[in-house]
Amino acid sequence: MKLLKAIGTAIVLTVLCASIALTLVAGAVRFLALNPAYLKAFMPTKDYCAEMRGRIAENLDHVALLYGFDEGALNEIVTDESIRAYTKTTIDALYTQKDLRSMQLPAYPADGFKAYVLAHTGYSEKAADDFAADCATSVTEDLSAINVGLVLWQFQKFRDGTLAQSSLLLFCAGLALTALMLVFVKLIFAGSSKRTGAVVLWGGCFMGVTLVFVPVMQFLFFDYVGRLNVSVSAFRTILTGFLNTVLYGWFFILLVLMVFVILMLSIAIARASRKKRSGKSEKTA
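Residues numbered from 1 in each chain as written. Predicted model: local features only at pLDDT ≥ 70, side-chain atom pairs only at ≥ 80, totals over all residues. Heavy atoms only, no water.

1. Focus on the state of the cysteines
- Counted under the stated rule, the structure contains zero disulfides.
- The thiol sulfur of Cys49 is not disulfide-bonded, and the nearest other cysteine sulfur, from Cys135, lies at 20 Å.
- Judged by relative accessible area, which is 0%, Cys49 ranks as buried. (Disulfide = S-S within 2.5 Å. Buried < 20%, exposed > 50% of the residue type's maximum accessible area, 1.4 Å probe, protein only.)

What follows is the structure, encoded as structure tokens:
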């Protein structure tokens with residue numbers, strides 16, 4: 001009987017670990033990587049906007065010099081708010097346009113550049129329009145740097161692929177299977193071994209969360225995203241911003257789960273140990 005119980009426990013724990021891992025992976029795909037609302041809320045951070053402004057400034061300075069302005073003179077025209085707005089527009093396009101190979105993004109507004117040159121020079125209206133158009137084109141090229149055929153094609157394959165399309169179903173299935181395995185653990189350790197069952201239950205949850213938590217933690221710890229073999233550019237800023245937003249969000253969720261599971265496992269172990277000590281004391285008496 002004890003052998004059957006041990007075999008049953010091992011099988012249930014193995015399935016429990018797999019179901020938790022499936023739930024966490026499918027959940028990350030569905031609710032983070034494929035969730036434009038999440039990306040729009042957390043991707044254009046202050047650091048992201050500052051880095052993007054640095055990339056924009058490098059190219060904008062070339063235009064400024066051509067028209068007789070000093071380096072950095074136009075930097076303040078492109079604001080964090082405008083970068084956030086354009087980033088959100090880009091994210092919407094990535095998730096709503098059917099064929100990304102022909103993705104269309106709007107041009108960056110030229111009004112701010114035109115107003116600046118008219119206020120600081122005696123340029124004619126036509127010259128001001130030309131200047132503003134050149135500046136807006138430069139900024140647009142940086143903000144829409146992700147608009148590369150090969151990159152968009154790969155993203156579309158992921159977005160429309162089997163994993164992405166079935167991620168919600170996999171998440172629900174993994175959640176249901178996890179709940180079923182937890183019930184099985186309860187049934188196996190029903191009766192006098194309830195406290196031992198609690199240790200096994202939370203231990204299984206700990207192993208399942210760890211199965212996903214450790215690789216994600218290592219991925220962030222060794223900064224694999226930062227090591228991407230892509231030259232410093234606006235394209236790199238957008239790509240790493242997207243990847244880091246998904247990874248850090250996933251890591252935060254996993255960290256909260258890990259802390260909770262460790263806490264519950266520690267409580268279960270403490271209760272089981274206390275019961276064991278109490279049993280030994282009664283036998284000694």
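2. Let's talk about the side chain of Arg159
- Of note, Arg159 is situated in helix α7 (residues 149–159).
- Owing to a relative accessible area of 10%, Arg159 belongs among the buried residues under this scheme.
- Polar side-chain contacts of Arg159 include one of 2.6 Å to the backbone oxygen of Leu94.
- Of note is the side chain of Arg159, whose polar atom sits 3.1 Å from the backbone oxygen of Lys98. (Helix = DSSP H or I, 4+ residues; strand = E, 2+ residues; numbered from the N terminus. Polar contact = N/O pair within 3.5 Å; in protein donor to acceptor, adjacent residues only side chain to side chain.)

3. Describing the packing of helix α1 (residues 2–33) against helix α9 (residues 167–188)
- Where α1 meets α9, the axes come as close as 8 Å, and the angle between the chain directions of the two elements is 155 degrees. Judged on the interaxial angle alone, α9 and α1 are roughly antiparallel. As for the relative orientation of α1 and α9, their crossing is left-handed in sense. (Axes fitted to C-alpha atoms, helices over the stretch in contact; angles between N-to-C directions. Parallel < 35°, antiparallel > 145°, perpendicular 65-115°, else oblique. Left-handed = near helix turned anticlockwise from the far one by under 90°.)

4. Examining the pattern of salt bridges
- Applying the stated criterion to the full structure yields eight salt bridges.
- Asp80 serves as the salt-bridge partner of Arg53, at 3.5 Å between the closest nitrogen and oxygen. Placement of the pair is Arg53 in helix α3 (residues 46–66) and Asp80 in helix α4 (residues 80–96), with a sequence separation of 27 residues.
- Take Arg53: its relative accessible area is 24%, and that puts it in the partly exposed class.
- Overall, Asp80 belongs to the buried group, its relative accessible area being 18%.
- Put simply, Arg55 and Glu58 hold a salt bridge, and the shortest N to O gap is 3.0 Å. With Arg55 and Glu58 both in helix α3 and three residues apart, the pair spans about one turn of that helix.
- On the accessibility criterion, Glu58 (45% relative accessible area) is partly exposed.
- One salt-bridge network, in which partners are shared between bridges, spans Arg53, Glu76 and Asp80. (Salt bridge = Lys/Arg side-chain N within 4 Å of Asp/Glu carboxyl O.)

5. As for the packing of aromatic side chains
- Applying the stated rule across the entire model yields 14 aromatic pairs.
- Note on Phe219 and Tyr224: the rings are 5.1 Å apart at their centroids and 55 degrees apart in plane angle, and the pair reads as tilted.
- A relative accessible area of 35% places Phe219 in the partly exposed class.
- Tyr224 sits in the partly exposed class, given a relative accessible area of 38%.
- Clustering of aromatic rings is evident, with ring pairs tying together Tyr67, Phe69, Tyr116 and Phe131. (Phe/Tyr/Trp six-rings, centres within 6.5 Å; stacked < 30°, edge-to-face > 60°.)

6. Remarks on α3
- Between the first and last C-alpha of α3 there are 30 Å, a value that for 21 residues agrees with the 30 Å anticipated at 1.5 Å per step.
- The largest bend in α3 comes to about 30 degrees, at Asn59.
- Those residues of α3 that sit buried are Tyr48, Cys49, Met52, Arg55, Ile56, Ala57, Leu60, Asp61, Val63 and Ala64.
- Just downstream of α3 lies Gly68, where phi reads positive at about 90 degrees. (Expected span 1.5 Å × (residues − 1). Bend = angle between axes of the 7 residues up to and from the residue.)

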